[in-house]
Amino acid sequence: MWPHIDQLYVSGLDVILFLQNVVFRGSGWAQSMLLLSRLGDPKNAFVIYFPVAYSINKSLGRRVIWAAVIAEWLNTILKWLLHGDRPYWWINETSLLPSPPPLKQFSLTCEVGPGSPSGHSMVTAAVWYVLLDHFVRNFGSKSKTGFFLTALLSCNIFVTVLLMVGVSRLYIATHFPHQVLLGSAVGFVLGIFIVRWSGTVSNRLRDHVIAVSGLVVTAMLAYTLVDLWGENPLWSIEKAKRWCVSPDYVHLKTSPFASLVRDCAAILGLGIAVKTRMYANLVCMKNDLLIILYNGVATAAAASLIDKAYIPEEPLYVFYAGTFFKFAVMSYITVALIPFLVAVICFPIKYFDETVNENNIKSRKDL
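Residues numbered from 1 in each chain as written. Predicted model: local features only at pLDDT ≥ 70, side-chain atom pairs only at ≥ 80, totals over all residues. Heavy atoms only, no water.

K.L.:
Summarise the overall build of the protein; cite the residues concerned and give the values.
P.N.:
Check the secondary structure of the protein and you find 15 helices and zero strands. Scaling as 2.2 N^0.38, a compact globule of 367 residues should have a C-alpha radius of gyration of about 21 Å, and the protein matches this with 22 Å. Once the C-alpha set of the protein is aligned to its principal axes, its extents read approximately 80 × 50 × 35 Å. Here the protein holds 367 residues, and 50% of them are scored as buried. The contacts of the protein with a sequence gap of at least 6 include a subset with a gap of at least 24, amounting to 84%. For the protein, the computed accessible surface area is about 17900 Å², with 67% contributed by carbon and sulfur atoms. (Helix = DSSP H or I, 4+ residues; strand = E, 2+ residues; numbered from the N terminus. Rg over C-alpha atoms; globule rule 2.2 N^0.38 Å. Buried < 20%, exposed > 50% of the residue type's maximum accessible area, 1.4 Å probe, protein only. Contact = heavy atoms within 4.5 Å. Areas by Shrake-Rupley, 256 points an atom, 1.4 Å probe, with all protein chains shown as cover.)

K.L.:
Just give me the short version of empty space enclosed by the protein, but keep the residues and values in it.
P.N.:
Here the structure, examined in full by the defined rule, presents four cavities of 30 Å³ or more. Estimated volume of the largest cavity: approximately 130 Å³. What lines the largest cavity is Y54, S55, K58, L282, M285, N287, I291, N295, V335, P339 and A343. Every element with two or more residues in the lining of the largest cavity is listed here: α3 (44-56), α13 (289-307) and α14 (316-346). Class assignment for the residues of the lining of the largest cavity results in seven nonpolar, three polar and one charged. Quantified by volume, the second largest cavity comes out at close to 50 Å³. (1 Å grid on protein atoms, 1.4 Å probe; cavity = no way out; pocket = protein on both sides within 12 Å on 5 of 7 lines; lining within 4 Å. Points joined across faces, edges and corners; volume = space filled by probe spheres on them. Nonpolar A, V, L, I, M, F, W, Y, C, P; charged D, E, K, R; others polar.)

K.L.:
Lay out the packing of helix α6 (residues 119-139) against helix α7 (residues 144-171) in plain terms, naming residues and giving numbers.
P.N.:
Any two packed helices are characterised by the angle at which their axes cross and by the distance between the axes. Relative to each other, α6 and α7 sit at 165°, their axes nearing to 10 Å. Viewed along their axes, α6 and α7 adopt a mutual orientation that is roughly antiparallel. Both α6 and α7 take part in a crossing whose hand is right-handed. Facing α6, whose interface residues are H120, S121, T124, A125, W128, Y129, L132, F135 and V136, α7 presents F147, T150, A151, S154, I157, F158, V161, L162, V165, G166 and R169. Residues belonging to the contact of α6 with α7 are distributed by class as follows: 13 nonpolar, six polar and one charged. (Axes fitted to C-alpha atoms, helices over the stretch in contact; angles between N-to-C directions. Parallel < 35°, antiparallel > 145°, perpendicular 65-115°, else oblique. Left-handed = near helix turned anticlockwise from the far one by under 90°.)

K.L.:
An account of the packing of aromatic side chains is requested, with residue identities and associated values reported.
P.N.:
What the rule picks out here adds up to 21 aromatic pairs. Seen from their ring centres, F46 and F327 are 5.9 Å apart, and the 80° between their planes marks the pair as edge-to-face. Of the two residues, F46 is situated in helix α3 and F327 in helix α14; the sequence distance between them amounts to 281 residues. Judged by relative accessible area, which is 2%, F46 ranks as buried. Look at F327 and you get buried, because its relative accessible area is 4%. By the ring-pair criterion, three or more aromatic residues cluster together here, those being F24, W29, F106 and Y171. Residue placement shows R262 over the ring face of F327; its charged tip is 5.6 Å from the ring centre. (Phe/Tyr/Trp six-rings, centres within 6.5 Å; stacked < 30°, edge-to-face > 60°. Lys NZ or Arg CZ within 6 Å of the ring centre and 35° of its normal.)

K.L.:
Report on the pattern of salt bridges, specifying residues and quantitative values.
P.N.:
Tallied over the entire structure, the rule returns nine salt bridges. Here R86 makes a salt bridge to E111, at a shortest N to O gap of 3.5 Å. Residue R86 is located in the loop between α4 (58-82) and α5 (87-90), and its partner E111 is located in the loop between α5 and α6; the two are separated by 25 residues in the primary sequence. Pair check on accessibility: R86 and E111 agree, each one buried. One salt bridge in this structure joins D207 and R206, with 3.9 Å as the shortest N-O distance. Owing to a relative accessible area of 53%, R206 belongs among the exposed residues under this scheme. (Salt bridge = Lys/Arg side-chain N within 4 Å of Asp/Glu carboxyl O.)

K.L.:
Could you give me a rundown of the state of the cysteines, with the residues and numbers involved?
P.N.:
Per the counting criterion, the structure on display carries one disulfide. Through a disulfide, C110 is tied to C244; the S-S separation comes to 2.0 Å. Because the torsion about its S-S bond is 90°, the bridge between C110 and C244 counts as right-handed. In this pair, C110 sits in the loop between α5 and α6 while C244 sits in the loop between α10 (235-243) and α11 (256-273), placing the two residues 134 residues apart along the sequence. Considered together, C110 and C244 belong to a single accessibility category, that of buried residues. (Disulfide = S-S within 2.5 Å.)

K.L.:
Got a sec to walk through α6? Specific residues and values, please.
P.N.:
For α6, built from 21 residues, the straight-helix expectation of 30 Å at 1.5 Å per residue is met to within 8% by its first-to-last C-alpha distance of 30 Å. The element α6 is largely enclosed, with a buried count of 15 among its 21 residues. A distance of 3.2 Å separates the backbone nitrogen of S121 from a side-chain oxygen at the start of α6, and that oxygen is part of S118. (Expected span 1.5 Å × (residues − 1). Polar contact = N/O pair within 3.5 Å; in protein donor to acceptor, adjacent residues only side chain to side chain.)

K.L.:
Any details on unusual backbone geometry? Residues and values, ideally.
P.N.:
A cis geometry characterises the amide bond from S116 onward to P117, with omega recorded as -5°. Inspection of the secondary structure assignment puts P117 in the loop between α5 and α6. In this model, H83 sits at a positive phi of 60°, which is unusual for a non-glycine residue. Tracing the sequence through the fold places H83 in the loop between α4 and α5. By relative accessible area, H83 is classed as buried at 13%. Of note, A173 is a non-glycine position whose phi angle comes to about 65°, a positive value.

And the structure:
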């Protein structure tokens, strides 16, 4: 689709083979690379980062979920438009190689969406920028030297995380180097945008519904544009099924549509949660270290349990409906249900003192 892109693929393939056969040639490295790739899974932004961040600071949690959603949504659109191949199928179809090289495949290799840009790198860059920006602004020393050292530490952490995720994606042969670099760069820019824009985010359910509608409409416009261009937007699914060494490695949850469903569900669940009385009461309650700890552990544990719920990939409507329900519930319990239960069960005196009394004062003022 893009002229001269094959030469970039050839150079990238050399890097992947070098990582597999020279740098990380021992058998023990494979599990380490798979672990790093799992840690960079965009899904973790919804299952781990969002619950923990929201427990620490509500504004931070909202920035994290919006960073993940916008990054995944834009990644879906770019994947359709850029039409990037993945290494594990490209080596079997290109005429530039005399024969396919011995490229290793793993259980996480055979993602079914197009390859460019890397969604793992893109979402990781956006979310970690938001997290580390909050760390620098709130925990950095007031002195110039202390602030500089905190910012320098955060930069090192940011680059290290991106390198670990990026190298793992190259090692398992699911991306070429330029796809990882592009994803990291776009995610970094998105992180900056989210930090500056998030102060204007509304908590109203109507605005969340409008946002979800916008995500769906723009994604469908991109899908239609690719279709009118004469390309099949679902072309990569057939290639994944054809060239993956094991059908067990091919999962519908790695498709662009599954990502879009997850994003819409998370935002709608957030909008429903902030509309509840439980959330309204919790806004009046001041967080302390124990509450943060209890909420963080409880919400992350509950989200992980929900994520493990099995959803069959056939029929398709069951898969997509189940995915939507699962991630909408995650947002709802993270923002409203579990913080409410933690407050009522573990801190009942504090809850009723700070929420009920505050609401009574507001009611008297309204009179």
